[in-house]
Amino acid sequence: MADTQQVDEGTDAKQAARAERRAARLAKQIGAFAKAHGGAEGQVAHLGQRGARIVLVGEDGGWGDLVAPSYDIAEKAVEKSGITVHEDFDGEFAAKVRTGPYEWSRMAGIQVGGPSNT
């Protein structure tokens, strides 16, 4: 029984170290985004079994996202990066996003003369 317990503890330690490395890598990417856009704010959303999505909005209105393998890793990453994290993507936070012609044509599609999806 003790042998099994040691194996489990070793596996848990490896998984924890791997999660810490992933959070650090994501935090580095978030920091690079923030630096390129004059600062950033974010929001973490569940993606179900796929993990969590970190939506980033820069001070200049630029936006992007990253996917973390779990919600916990995403939370650790935004905490390490030091950005402001919002509960929801609405209101003043959502109003900071600046979209260009490409996004408008892709979102609107054929309704307003954008490219068709067929």
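For the structure, see preceding data.
Residues numbered from 1 in each chain as written. Predicted model: local features only at pLDDT ≥ 70, side-chain atom pairs only at ≥ 80, totals over all residues. Heavy atoms only, no water.

Structural notes on the side chain of Gln 43
When you line up the elements, Gln 43 lands in strand β1 (residues 40-46). Given a relative accessible area of 10%, Gln 43 falls into the buried group. (Helix = DSSP H or I, 4+ residues; strand = E, 2+ residues; numbered from the N terminus. Buried < 20%, exposed > 50% of the residue type's maximum accessible area, 1.4 Å probe, protein only.)

Thoughts on the nonpolar core
In this structure, Ile 30, Ile 54 and Leu 56 are the most contacted members of the largest nonpolar core, which totals 18 residues. Secondary structure elements with two or more residues in this core: α1 (2-36), β1, β2 (52-58), β3 (63-68) and α2 (71-81). Residue contributions to this core peak at six residues, all from α1. In contact with Leu 56, not counting residues within four places along its chain, are Ile 30, Phe 33, Glu 41, Gly 42, Gly 62, Trp 63, Gly 64, Leu 66 and Ile 83. (Core = buried A, V, L, I, M, F, W, Y, C linked by side-chain atoms within 4.5 Å. Contact = heavy atoms within 4.5 Å.)

A few points about the packing of aromatic side chains
What the rule picks out here adds up to one aromatic pair. When the centroid spacing of 5.0 Å and the interplanar angle of 75° are considered together, the rings of Phe 89 and Phe 93 count as edge-to-face. Note on Phe 89: relative accessible area 36%, which makes it partly exposed. (Phe/Tyr/Trp six-rings, centres within 6.5 Å; stacked < 30°, edge-to-face > 60°.)

Re the environment of His 46
In this fold, His 46 is placed in strand β1. The exposure class assigned to His 46 is exposed, which follows from its relative accessible area of 61%. Expressed as a C-alpha distance, the spacing of His 46 and Ala 74, which sit 28 residues apart in the sequence, is 9.6 Å. Setting aside anything within four residues of it in sequence, one finds His 46 in contact with Gly 51 and Tyr 71.

A look at the pattern of salt bridges
Overall, the coordinates contain three salt bridges when judged by the stated rule. With a closest N to O distance of 2.4 Å, Lys 80 and Glu 20 form a salt bridge. Residue Lys 80 is located in helix α2, and its partner Glu 20 is located in helix α1; the two are separated by 60 residues in the primary sequence. The exposure class of Lys 80 is partly exposed, given its relative accessible area of 44%. By relative accessible area, Glu 20 is classed as partly exposed at 33%. Glu 41 is paired through a salt bridge with Lys 96; the nearest N and O atoms lie 2.2 Å apart. Placement of Glu 41 in strand β1 and of Lys 96 in the loop between α3 (91-95) and α4 (101-108) is noted, with a sequence separation of 55 residues between them. Classification of Lys 96 by relative accessible area gives partly exposed; the value is 30%. (Salt bridge = Lys/Arg side-chain N within 4 Å of Asp/Glu carboxyl O.)

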